[in-house]
Structure formats: C-alpha cells, structure tokens
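# Summary of structural features
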Amino acid sequence: MPEASSQAVTRKAVTASDLFARLQLPTLSLDALSCGCDDERQLYHWLADQCLQPYQSSDQQRLSALLITLADEIARWRGSSSRRLQMLELVREYALACVDGMALRRAGQIQATGPSLQADVRTATRVLQQLALAYSALAQQIRLEPGLRLLSRRRNVRALHRAVDAYRRLLQLAPLFSVETPRHSWRNLQLLVQLARAQKLADQTVRDRHHPQRRDCVAWAYIQVALFASANPGQLSEPDQERLWSLTHQWQRSAFIEAEYTDRGSALLASLALDQPPIPANRVENCQLDLRHFTAPLGWKIDLKRLLEQLSGEVQRDELLRRVYHGWADQFGRQQRRTPTEQRCEILVGLGAACHHLDSGTPPDRDVIERLCGGPCEPVSEDATRPSLRRQAAEFGGLLPSAPSFGGRWQGGVRDSRADRYRPREAGVVDFSSAGMGLRLDSELAQKVRTGELLAVRLTDSWQLAVVRWQCTLSDHCRVGVELLASEALAVRVQRQTDAGHLSAPISGLLLRAAGQGGATLVLPKPLFKSGDRVELLARPGGRSLRLGSEVEVGKGFACFSFV
C-alpha cells in the first residue's frame, strides 16, 4: 500500500470546481453529433437501423466502437442537459447489454482465459469508461446550467449515479477476468462520490431497472464496490466472486461513510489522493499513518461495525463469509510487511512438474518420513497385490482421474518429453515477505498460471512450494501473488487402498512440512484422492499406512490433506 506523505496536510475546503478540474472532463465543443440525431427518439431509430445486436458475437465489437463514439460525442455536444441525459440513458441500455454479452456471461467458461476474451473484456471496459466520462461531463454542465433548482437536482443526481454505476461495473470486471484496473478509475469514482456528498446528493435514490432493488443511490453504489474490492476478490473463484458481488448488494446498507472521526477501527479507509480501493484498517495498524489523509476534505472511512456484527454469527458456517470477515475485522489482518526487490527466479507449474523435479527416483528413507511426519512408520503388507486397470476403473466409476504422469505426450506427431514439458520457467520477483512473494510473468507463462495453481519456486538452490492467490494481467506482463505452503517438501509415492483391500499403482505426490507450528500434509491429485481414503506411503525399507484427513488446501487439480 502506498503510504500517505508525512508532510503537513491542509484543511482548506475543496470546491466542486476543484473536483471537476481533477476529473479532466472534455469541454463542450461539438455543435452536432455525427449520426445527425438531435434527441432520444431520433437516436433510438438510428441505432435500430444499424441492425447491431449486443448479444450477437459478430456484432459486439462494431457496436462497442459505435457506443464509445456516441458517448464521447454526447460528452462534448452543446445540446441541452435534458436531451443529453435522455440520449445517454439510451446509450447506457445498449452499453450494459453489450458488457453483459461480451464479458459477464462468459465468466468461468473454458475459453475465458484466451486472448479473444481478454480483448472483449478490455473493449467492455472502454465502453464503461467512456460512459462514466460522458455522465460526469453532463453532471458538470447541469451544475452550471440555469433553471428550476428541483429539476436540476434530479437530473444531477441521476447523472452522478450513472457515472458512479459505470465505474462500479468496470471495477467488477477487473478481478473477475484478472485484468488490470484502468488508471484513475478509483480516483475518479471517489471524486464523483465527494461531488455528490458536497451537493448533498449522495443519499438521494434514483430509479434503476438494472439494480436488483430497482432503486439505488451514489453512496450505496460506491459502498458496494468498496466492500467487494476490499475483500480480495482476485483470490476467489468465479462463482465465489459472483456470490460476493450479490452479497455486497445486501450489505451496502449496513455500512456508511463517515468523514470526521477519531477511531479508525472496523473500517475501510479512503483517500482522494490514492487511485486504489479503500484500505481495511487492520492492514495499516503497523504503519505510521496520518489520519488526516483519510478524513474530510481529503478522504473518509466506511464504518463496518454494524456489518461485522451481522456477519460474526455466520462465519463459522460459511467459508466465503469467514474469509471476508477476517479481511475486515480488527483482530485479523496482514502481519507481514512486503519488501520490494528485483530478482529472477525459476518456477514450475503444477503438481506433476514439482514431483518430477523433486523426485530422486527411489522411495525416500524411512527416517526422513519419520522426521517430517513424526512417529514411527508402520510396515506395509507385502501381500497387497496391485489390481488390474479394469478393476481400478470400475472402482472409480469407470474413469480413472488424471494424475501426475512421467510419460511422454504426443504433440503434432512429436513426442513431448517430460524434461521439456516440466522444464523450469523464468520469472521476476518484485516483492517478498515471510509468507509469500509477488512475481512478474511474461505473457506466455501467464497463460499457464491460474489462481489456485500449485507452483514450485526456486530463488537459490532449493524449491519452495506455493499456491497462486491472485493474478492481474497488465498490457505487457502478468503480476501474480503467491503464498508459500511449506518450509520443506519431499517427493513421495502413494498407493491408494481400494474397498476390496488392494493397493493401486504408485501415484506421485508431495509430503510437506509447514512452517511454524503447522504439521505435515500430503499434496495429492484431485479427484483421485479424497478425505477418509487409506493410503500407503512408500519408503525404504518399509512404508507407512495413513488415513487421509481433512483438506487443508484445495487448488487447481490438487489438495493438501492432513493425515493420521
């Protein structure tokens, strides 16, 4: 987190003119629109004549370019504010449908990581950016335009809400598709909120048929996206992100903005000087932070006390709520400080690659197993026979799940050797702490890495096991945050005991010794193994019989099991 400057902070009031100037809005310089339309009815018929459908993939890019141009021209058009508002409302209907078809409906699909979708998501982002800019320019015109005060306030609150809503939708897309948040998005959003608060419009509700409750206001829209972004959505799967987004619709009325305060506990801290989401107060407890940067007129806090009280009774029954609660509550938070660095490292992607490079080719000695697991090894029965492949397939429902394989693969008629398939890839290290590190990946390597992926990272001589917690795709590279899983890792072979009492063929896995007070865990491929399975851990001269316990960690194709 960029810390606020320690220099003296002025308490001079910030005027609406100052806030609009910081938004860098276009001037009214256009006498007529290129489409020739002069009101909402003409624009409706003109768009219908274009025969472009927002949910037709072949039309989406052309329609998006058309909407971006229209929003840009309306932002600079010298027409009256009432006509501009009506025309923007029509453009918004097309824009939201286009964003829904190009991005939101494709979240979680198999092809959702390809360059085609990334291009569509960036186009959808530009549509929302331009829409927010056009509504912001309209709000500036309405403030300066003479007329009946009541009608002007109604149009002004609608324009401000629509601009905030466009940024809210844009900021939902970034973590959902692991793309970079456009520059100044958070800064502009919070400037608009400050404008609404200064004019006492932030709490006035407006009709919005695209909102689940059909009515919304600037404060609720901002609080919702602040709650969503501060809960680390990039660490969640697509279904969990969508569920979190739905939950924040319900939670937005249980939190409120407070500009003057002395207690920063159980809150999110926002500053107009920072282009980032509000920061949970528990993350900055160890920082020498000047609260004047986060109080009026330079910022505010979002008080979460009432919301945390509501969640406290539900966190034990719901893993998602537990994670969110721990991210906000005062008694939790990041204890480690990240240190910037510029280093190179090697990484391995996936359980198979980690097993390949850590495997010595022979079962580990029994004393090594005992040191990692604790307790003596139980001898494995030599009478246990390996069942046939047909029997294994029958016991797994007719299909043997994938497991780490050391055989070659065919690609284009050429056998892909395990050495090439599992070769280490180079990456950059941008920061580190005692619990993890931030990595910089090139575009080719970024295509192979997803949130929840198992990685092995080597900075010097030894490999360290880690799991990807978040990723963000930038224009020329990808940033990835990983959490270290263990201080020591050992490649092992495991045989699963079937219901008939036979042992399966040896399957590669990893035996981990967690750092600190944590115990040993077994990393095995999913869904081949599950909690409650009996397995034999091979060792020399005799193995060890184990029963798999709970899943301590679950990721892409693997699970870490406790065992007894």
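Quick summary incoming for the structure in this document. (Residues numbered from 1 in each chain as written. Predicted model: local features only at pLDDT ≥ 70, side-chain atom pairs only at ≥ 80, totals over all residues. Heavy atoms only, no water.)

## Considerations on the sheet that holds strand β5 (residues 279-280)
Applied cut-off: When DSSP finds two or more bridges between two strands, those strands count as paired. Think of it this way: any DSSP run of H or I at least four residues long counts as a helix, any run of E at least two long counts as a strand, and we number them from the N terminus.
With antiparallel pairing, the four strands of this open sheet are ordered in space as β3-β6-β4-β5. Each of the sheet's edge strands pairs with one partner strand only, and the pair in question is β3 (256-258) and β5. Pairing between strand β4 (residues 267-271) and strand β6 (residues 299-303): five bridges, direction antiparallel. By the bridge assignment for β6, Ala-270 is matched with Trp-300.

## A short note on the sheet that holds strand β7 (residues 339-349)
Across a sheet, strands are paired by hydrogen bonds formed along the backbone, either parallel or antiparallel in direction. Here is the rule we go by: An axis is simply a line fitted to the C-alpha atoms; with a helix, the fit covers only the stretch in contact. Between two such axes, the angle follows the N-to-C directions and lies from 0 to 180 degrees.
Around the barrel, six strands lie side by side as β7-β10-β11-β14-β13-β12; this closed barrel has antiparallel pairing. The average undirected angle you get between the axes of adjacent strands in this sheet is 45 degrees. One ladder, built from five bridges, connects strand β12 (residues 454-458) with strand β13 (residues 463-473); its direction is antiparallel. Across the sheet, the residue bridging to Val-457 is Gln-464, located in β13.

## Topic: the pairing of β13
Short version of the rule: Using a 1.4 Å probe on the protein chains alone, a residue whose accessible area is under 20% of its type maximum counts as buried, one over 50% counts as exposed, and one in between counts as partly exposed.
Burial runs high along β13: eight of the eleven residues are buried. In textbook terms, the turn of a hairpin is the stretch between consecutive antiparallel strands, and for β12 and β13 this stretch comprises four residues. One ladder, built from seven bridges, connects β13 with strand β14 (residues 478-484); its direction is antiparallel. Following the sheet pairing, Cys-472 is matched in β14 by Arg-479. Following β13, the chain reverses through four residues before pairing antiparallel with β14.

## Focus: the environment of Leu-117
Mapped onto the secondary structure, Leu-117 falls in helix α5 (residues 115-144). Overall, Leu-117 belongs to the buried group, its relative accessible area being 1%. Between the C-alpha atoms of Leu-117 and Met-102, which are 15 residues apart in sequence, the distance is 7.8 Å.

## Remarks on the environment of Lys-530
Note the cut-off: By the convention used here, residues are in contact when the closest approach between their heavy atoms is within 4.5 Å.
For Lys-530, the position within the fold is in the loop between β17 (520-525) and β18 (534-537). Put simply, Lys-530 and Ala-559 are 29 residues apart on the chain and 8.6 Å apart in space, counted from C-alpha to C-alpha. If we ignore the near neighbours within four places in the chain, the residues touching Lys-530 are Arg-496, Leu-548 and Phe-561.

## Here's the deal with the side chain of Ser-81
Test applied: Think of a polar contact as two N or O atoms within 3.5 Å of one another; within protein, one of them needs to be a possible hydrogen donor and the other a possible acceptor, and neighboring residues in sequence only count if both atoms come from side chains.
Summarising the element assignment, Ser-81 is placed in helix α4 (residues 81-102). Polar contacts involving the side chain of Ser-81 include one to the side chain of Glu-145, which spans 2.4 Å. Filtering out sequence-adjacent residues up to four positions away, Ser-81 remains in contact with Leu-138, Gln-141, Ile-142, Glu-145 and Arg-155.

## Considering the packing of aromatic side chains
Aromatic rings in a pair are described by how distant their centres are and how their planes are angled relative to each other. Counted only if it meets this: Aromatic pairs are defined between Phe, Tyr and Trp rings, using the six-membered ring for Trp, whenever the two ring centres lie within 6.5 Å; interplanar angles under 30 degrees are classed as stacked, those over 60 as edge-to-face, and all others as tilted. Think of it as a cone above the ring: NZ of Lys or CZ of Arg counts as a charge over the ring if it is within 6 Å of the ring centre and within 35 degrees of the ring normal.
A full pass over the atoms with the stated rule returns three aromatic pairs. Their ring planes at 90 degrees and their centres at 5.7 Å tell us that Tyr-222 and Trp-300 sit as a pair that is edge-to-face. Note that Tyr-222 is positioned in helix α8 (residues 218-230) and Trp-300 in strand β6, a separation of 78 residues in sequence. Neither residue differs from the other here; Tyr-222 and Trp-300 are each classed as buried. With centroids separated by 5.0 Å and ring planes inclined at 90 degrees, the aromatic side chains of Phe-228 and Trp-245 adopt a geometry described as edge-to-face. Pair noted here: Phe-228 is in helix α8 and Trp-245 is in helix α9 (residues 238-251), with a separation of 17 residues, a long-range link. In this structure, Phe-228 and Trp-245 share a single accessibility class: buried. Of note, Arg-253 hangs over the ring of Trp-220, and the distance from its end group to the ring centre comes to 3.9 Å.

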